[in-house]
Amino acid sequence: MFGFLEKLRQESENKRRRTAFFFSLAVTACILSIWLTIIYPTWIDGQNQEHKAASSLPSPTSAMGSTLLTGFSAIGDQIGAIKDTISSVISTSTYATKTSGVKFSEASSSPASSFGSQN
């Protein structure tokens, strides 16, 4: 190694600069290759994890659509419950008007009059 440096000192300025350039280029390439073997796999794993996380999230339009669908179905359920309640009230009042014309016989007493008295 020292013999090479002594021989290089005796060469021209142009040849020494060219040798220094290629030597520094080789050292830089070694450092870059070591750096990439350490950093690049970690960077690729991070990119894959980000891609998986992004693909698992729904798109904004599908999220909004599912929210609207859920809201409209809940409103439909409430309207159905209101219709059932109204039809129940209507059928109950019809039943009450049909049974209000029933007359009790003379022998039996009305439920209201027998409630307070004891036999």
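Here, the structure is the one placed above.
Residues numbered from 1 in each chain as written. Predicted model: local features only at pLDDT ≥ 70, side-chain atom pairs only at ≥ 80, totals over all residues. Heavy atoms only, no water.

Moving on, we come to the overall build of the chain. Secondary structure assignment for the chain yields four helices and zero strands. Overall, the chain shows an N-to-C arrangement of helices and strands of α-α-α-α. Accessible area for the chain stands at about 10,900 Å²; split by element, carbon and sulfur atoms hold 67% of it. (Helix = DSSP H or I, 4+ residues; strand = E, 2+ residues; numbered from the N terminus. Areas by Shrake-Rupley, 256 points an atom, 1.4 Å probe, with all protein chains shown as cover.)

What follows covers a nonpolar patch on the surface. Taken together, the side chains of Leu32, Ile34, Trp35, Leu36, Ile38, Ile39 and Tyr40 define a hydrophobic patch exposed on the protein surface, amounting to about 700 Å² of accessible area. For Leu32, the position within the fold is in helix H2 (residues 13-56). (Patch = residues over 30% accessible without salt bridge, like charges linked within 9 Å, V, L, I, M, F, W, Y side chains within 5 Å. Salt bridge = Lys/Arg side-chain N within 4 Å of Asp/Glu carboxyl O.)

Another aspect to go through is the pattern of salt bridges. Oppositely charged side chains may form a pair once their charged atoms are brought near each other. Scanning all chains against the criterion turns up three salt bridges. Two residues, Arg9 and Glu6, come together in a salt bridge whose shortest N-O distance is 3.0 Å. Here Arg9 pairs with Glu6, and both are found in helix H1 (residues 2-9), just three residues apart, close to one helical turn. Here Glu13 ties to Arg16 by a salt bridge, and the two come within 2.9 Å at their closest N and O atoms. Of the two residues, Glu13 and Arg16 both sit in helix H2, three residues apart, roughly one turn of that helix. Given a relative accessible area of 43%, Glu13 falls into the partly exposed group. Judged by its relative accessible area of 32%, Arg16 is partly exposed. A single network of salt bridges, built from pairs that share partners, joins Glu13, Arg16 and Arg17. (Buried < 20%, exposed > 50% of the residue type's maximum accessible area, 1.4 Å probe, protein only.)

Nothing here speaks to function; it is geometry throughout.
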